[in-house]
Number of protein chains: 2
Amino acid sequence: MARVGICEDDADVRRVLTEGLRLADHDVVVSRNGREAMAAFAAPGSVDVLIVDIGLPDADGRDLCQALRTSGQHAPVLFLTALDGVHDRISGFHAGGDDYVAKPFAIGEILVRVDALLRRTRPAPATPTGLVLDPERFSVRTGGGEARLTPTEYRILAALAAAPGAVVRRRAVVAAGWPDGAMVSENTLDSYIRRVRAKLETAGSPVELVTVRGVGFVLR
Amino acid sequence: MARVGICEDDADVRRVLTEGLRLADHDVVVSRNGREAMAAFAAPGSVDVLIVDIGLPDADGRDLCQALRTSGQHAPVLFLTALDGVHDRISGFHAGGDDYVAKPFAIGEILVRVDALLRRTRPAPATPTGLVLDPERFSVRTGGGEARLTPTEYRILAALAAAPGAVVRRRAVVAAGWPDGAMVSENTLDSYIRRVRAKLETAGSPVELVTVRGVGFVLR
DNA sequence: TTCCTCCTGACAGGCTGGTGACACGCCTAA
DNA sequence: TTAGGCGTGTCACCAGCCTGTCAGGAGGAA
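Residue positions are given per chain, counted from 1 along the sequence in the order it is written. The order in which chains are written sets their letters, starting at A; the order in which ligands are written sets their numbers, starting at 1. Reporting of local features is limited, given that this is a predicted model, to residues whose pLDDT is at least 70; pairs of side-chain atoms are given and counted only at 80 or more, and all residues count toward the totals for whole chains, interfaces and linings.

### Section: the packing of helix α6 (residues 151-161) of chain B against helix α7 (residues 170-177) of chain B
All names here are of chain B. All axes here are fitted lines through C-alpha atoms, helices being fitted over the stretch that makes contact, and every angle between N-to-C directions spans 0 to 180 degrees. Going along the chain from the N terminus, every DSSP run of H or I of four or more residues is numbered as a helix, and every run of E of two or more is numbered as a strand. Packing of α6 against α7 brings their axes to within 8 Å, and their N-to-C directions diverge by 135 degrees. By the angle class used here, α6 and α7 are oblique. Crossing of α6 over α7 shows right-handed handedness. The segment α6 lies against α7, with T152, R155, I156 and A159 engaging A172, V173, A176 and G177. Under this grouping Gly is polar, as are all residues other than the nonpolar Ala, Val, Leu, Ile, Met, Phe, Trp, Tyr, Cys and Pro and the charged Asp, Glu, Lys and Arg. Here the contact of α6 with α7 is built from residues that sort into five nonpolar, two polar and one charged. In what follows, roughly perpendicular refers to angles from 65 to 115 degrees, roughly parallel to angles under 35, roughly antiparallel to angles over 145, and oblique to any angle outside these ranges. The handedness criterion is simple: a crossing whose near helix is rotated anticlockwise from the far helix by less than a right angle is left-handed, and one whose near helix is rotated clockwise is right-handed. What counts as a contact is two residues whose backbone-derived C-beta atoms lie within 7 Å of each other.

### Thoughts on helix α1 (residues 11-23) of chain B
Between the first and last residue of a helix there are one fewer steps than residues, each counted as 1.5 Å, and that sum is the expected span. Taking 1.5 Å as the rise per residue, α1 of chain B with 13 residues should run 18 Å; its terminal C-alpha atoms sit 18 Å apart, in good agreement. Two residues or fewer past α1 of chain B, D25 of chain B is found with a positive phi of approximately 75 degrees.

### Describing the pairing of strand β4 (residues 77-81) of chain A
All names here are of chain A. Counting buried residues in β4 gives four out of five residues, a clear majority hidden from the surface. In the sheet, strand β3 (residues 49-53) pairs with β4 via four bridges, with the strands oriented parallel. Note that in β4 the partner of V52 across the bridge is F79. Each residue is classified by how many other C-beta atoms fall within 10 Å of its C-beta atom, where C-beta atoms are placed from the backbone; a count of 20 or more means buried, 12 or fewer means exposed, and values in between mean partly exposed. When DSSP locates at least two bridges between a pair of strands, those strands are taken to pair.

### Some thoughts on the protein's contact with DNA strand D
Here, nearness is defined through the C-beta atom: a residue counts as near a molecule or strand if that backbone-placed atom lies within 6 Å of it. The local shell around DNA strand D holds 24 residues, among which T150, T188 and S191 of chain A together with T150 and T188 of chain B are the closest. Mapped by element, the contributors of at least two residues to the surface near DNA strand D are α6 (151-161) and α8 (186-202) of chain A together with α6 and α8 (186-202) of chain B. Residues belonging to the surface near DNA strand D are distributed by class as follows: eight nonpolar, twelve polar and four charged.

### Thoughts on the sheet that holds strand β7 (residues 139-141) of chain A
All names here are of chain A. An order of β6-β7-β8 is seen for the three strands of this open sheet, with the pairing classed as antiparallel. Edge positions in the sheet fall to β6 (132-134) and β8 (146-148), since each has one partner strand and no second. Here the average twist between neighbouring strands, direction ignored, is 20 degrees. Summarising the sheet, β6 and β7 pair through three bridges and their orientation is antiparallel. Note on β7: the bridge partner recorded for D134 is S139.

### What to know about the sheet that holds strand β11 (residues 216-219) of chain A
Residues and elements named next belong to chain A. Spatial ordering of the open sheet is given by β9-β11-β10, a layout of three strands whose pairing is antiparallel. Sheet topology places β9 (168-169) and β10 (209-212) at the edges, where each strand pairs with a single neighbour. Summarising the sheet, β10 and β11 pair through four bridges and their orientation is antiparallel. Bridging from a neighbouring strand, L209 pairs with L219 of β11.

### Points about the nonpolar core
One recurring pattern in soluble globular proteins is that nonpolar side chains are buried together. For the purposes of this analysis, a nonpolar core is taken to be any set of buried Ala, Val, Leu, Ile, Met, Phe, Trp, Tyr and Cys residues that are connected through C-beta atoms within 7 Å. Counting 58 residues, the largest nonpolar core has V52 and L111 of chain A together with L157, A159 and A172 of chain B as the members making the most contacts within it. Examining the composition of this core, we find that seven residues originate from one element, α6 of chain B, more than from any other. With residues up to four places along the chain from it excluded, the contact list for A172 of chain B reads A24, L111, V112 and D115 of chain A together with A159 and G216 of chain B. The next biggest cluster of nonpolar side chains, apart from the first, holds 28 residues, and it includes V49, I51, A75 and I110 of chain B.

### Structural notes on the confidence of the model for chain A
Of all residues in chain A, 85% attain a pLDDT of 70 or more, and the chain-wide mean is 80. Note that pLDDT drops below 50 for residues 84-97 of chain A; the model gives that stretch 25 contacts with residues more than four away or on any other chain. pLDDT expresses how confident the predictor is about each individual residue, on a scale running from 0 to 100.

### Comments concerning helix α2 (residues 34-41) of chain A
Residue and element names in this part refer to chain A. G34, A37 and F41 are the residues of α2 that are buried. On an axial view of α2, the arc spanned by its buried residues comes to 55 degrees, and they lie on one face. Where α2 is buried, its residues meet β1 (3-7), β2 (27-31), β3 and α3 (61-70). Working note: the arc is built from the helix axis to C-beta atom directions.

Right, here's the structure in full:
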């Protein structure tokens, strides 16, 4: 679900992190020291979240973080701290939106905090239509309320909301709703459009899902 | 951050402790022997954590601790032991939730252990849900009551409570509940969710453990 | 009018998650 | 040693939801 960059010199810790994060459906990019990390993570957008050991062999994790920030990398950072007295010095980072975990840690704790960082920094995309789609909960919020969608309904609405005011062709909507390339009948799409309309109405949405006959659908 | 009581007869050790703890933003109250300690720390709630030298001139630190406990002082205690064979006799205290450090020590080690004791005994993780998780007793308290959890149940609830209101994916919950990476069947998680729900109800919790179908679970 | 597209209500099948029960291993008390 | 309690993991079964499809009908285009 997200790209996680790791900078950790201890091979065992690296392995635990990598396996745990991959099990949780994340892509993992590993580096073993500050130099490798700068090479791998300096590009803005290259990762969604970083896990950085404070005590690297060639650098202080916090200095590395500073350097990455300077180069335009704004992904949130989860610091790993060894069992010494860095607690107080870390607290400033914590307040800044990043987080830290003391070693030894349970991998579950890491996963929960990574999720929290991703949520914090990946705000719900507010479309120009005023619809707020929440990919966490497969829900749609409007000024009037909220409605829960099924995964397929969500994908369809997301495809339409990605280009509000523009007509999305039926084939494109099908491709969005069934990304695995499943063959569904024409009528199935119509059924789902109807369900999405019902959900939008439930949510008290001012936005209408309008049919453009012979072409596709558009959000207005 | 916390009020730390010190009972130590060696002036150098007292100074190191005091300076280190104050740098780490703790309030420090000092006493030099058992008599002063009883006077200063007997009142319940007067300190958040105690650092007590085992070898005091007028008392054994463990007896002092016992006396303080009797008078209602339940702050956790970090014992300082000289380098002799007290390890085994101390271990009983360790199991009881307290901790010990052998002299000579690094001040960083003291700070970390004080933090650990504070975390352990002052968890009151002010979750916006109103749930209070007690990692010492694997219990959950709510406005309505208290329920004891098994370790696995506790880890699962803690993972959810760490991000109240946010959906925690099934895989993340599994990773939190079984941090050793054990493979458990999908249904096992469902069973544990059911058990946690039952415990929450037992505790009269106003918080609900809600399923987000196809995604995970959320505390509300 | 006729044809075609789309809307609607309904339904069956499959899947996910909830529930109750049980077996196993470990630990403790008798 | 034995019995019982507890924590744990799994199973079978069930209910409800999601999904895909169908038939029938409404309404726009030619």
